[in-house]
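Structure at a glance
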Amino acid sequence: MIRKATVRDVKAIHRLLKKYADRGELLPRALGELYGDVREFCLFEDECDGSIIGCCGVHVYWEDLAEIRSLAVCEKHQREGIGSGLITAALGEASELGITRVFTLTYRCDFFEKHGFRIVDKLTLPQKVWADCIKCVKFPDCDEIAMLKCLGGV
Ligand SMILES: CC(C)(COP(=O)(O)OP(=O)(O)OC[C@H]1O[C@@H](n2cnc3c(N)ncnc32)[C@H](O)[C@@H]1OP(=O)(O)O)[C@@H](O)C(=O)NCCC(=O)NCCS
């Protein structure tokens, strides 16, 4: 079941992201930062036991631009379509908000390509994005790949 996150989910989101962040596959997110951004997250919840199997955040940067970030699915449930479901939900939410362009910074180009994202030069992303990048542990040696998808036929 895909649903929006609540503050009660934040510790589970943190644990899920931390597993991949420790292996360098995702950017680490502090617990405090996740509470602040809780409204950005949609989750995949196990209907049997209520555990959080997957999460995905949509961060709005500007009137036409948002980022998909902190997308993760627990290893036991990968390749079941959960990541795809979360991306679809996140893109739907961005579209409802009136966003026309969604980008992501990722190592999983293959996965995002299947969802209509195309590789772009990082430098084409607006300066506002870099204000957040400065806070990132990888700055200035970011090796993630920037990908962009236009919504609503734009
Ligand atoms: C990237 C990630 C979110 C994908 O999640 P997922 O739930 O495995 O994604 P899906 O199941 O929708 O799709 C993954 C693959 O499974 C395939 N698949 C989907 N449903 C399937 C099913 N029922 N049976 C077999 N294969 C299936 C998809 O076609 C896709 O194929 P691909 O590997 O060739 O791309 C997950 O691997 C992850 O958490 N990785 C670590 C963190 C990370 O890298 N996050 C992304 C960076 S922003």
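Here's a quick rundown of the structure.

Cut-offs and rules
- Residues numbered from 1 in each chain as written.
- Predicted model: local features only at pLDDT ≥ 70, side-chain atom pairs only at ≥ 80, totals over all residues.
- Heavy atoms only, no water.
- Core = buried A, V, L, I, M, F, W, Y, C linked by side-chain atoms within 4.5 Å.
- Buried < 20%, exposed > 50% of the residue type's maximum accessible area, 1.4 Å probe, protein only.
- Helix = DSSP H or I, 4+ residues; strand = E, 2+ residues; numbered from the N terminus.
- Contact = heavy atoms within 4.5 Å.
- Phe/Tyr/Trp six-rings, centres within 6.5 Å; stacked < 30°, edge-to-face > 60°.

Things to note about the nonpolar core
- Counting residues in hydrophobic clusters, the biggest one holds 38 residues, and the most contacted among them are I13, L17, C55, I68, V102 and F112.
- Put simply, the parts of the chain that give this core at least two residues each are α1 (10–22), β2 (41–45), β3 (52–62), β4 (65–73), α3 (82–97) and α4 (109–113).
- Look past the residues within four positions of I68 in its chain and what remains in contact with it is C56, G57, I87, A90, L91, V102, F103, T104, F112 and F117.
- The next biggest cluster of nonpolar side chains, apart from the first, holds nine residues, and it includes Y61, F103, C133 and L148.

Thoughts on the packing of aromatic side chains
- As enumerated under the stated definition, the model contains three aromatic pairs in all.
- Considering the side-chain rings of F111 and F112, the 5.6 Å spacing of their centres and the 85° angle between planes classify their relative orientation as edge-to-face.
- A ring pair is formed by F112 and F117, whose centres lie 5.2 Å apart and whose planes are at 80°; its orientation type is edge-to-face.
- Judged by its relative accessible area of 0%, F117 is buried.
- Pairwise contacts between aromatic rings join F111, F112 and F117 into one cluster.

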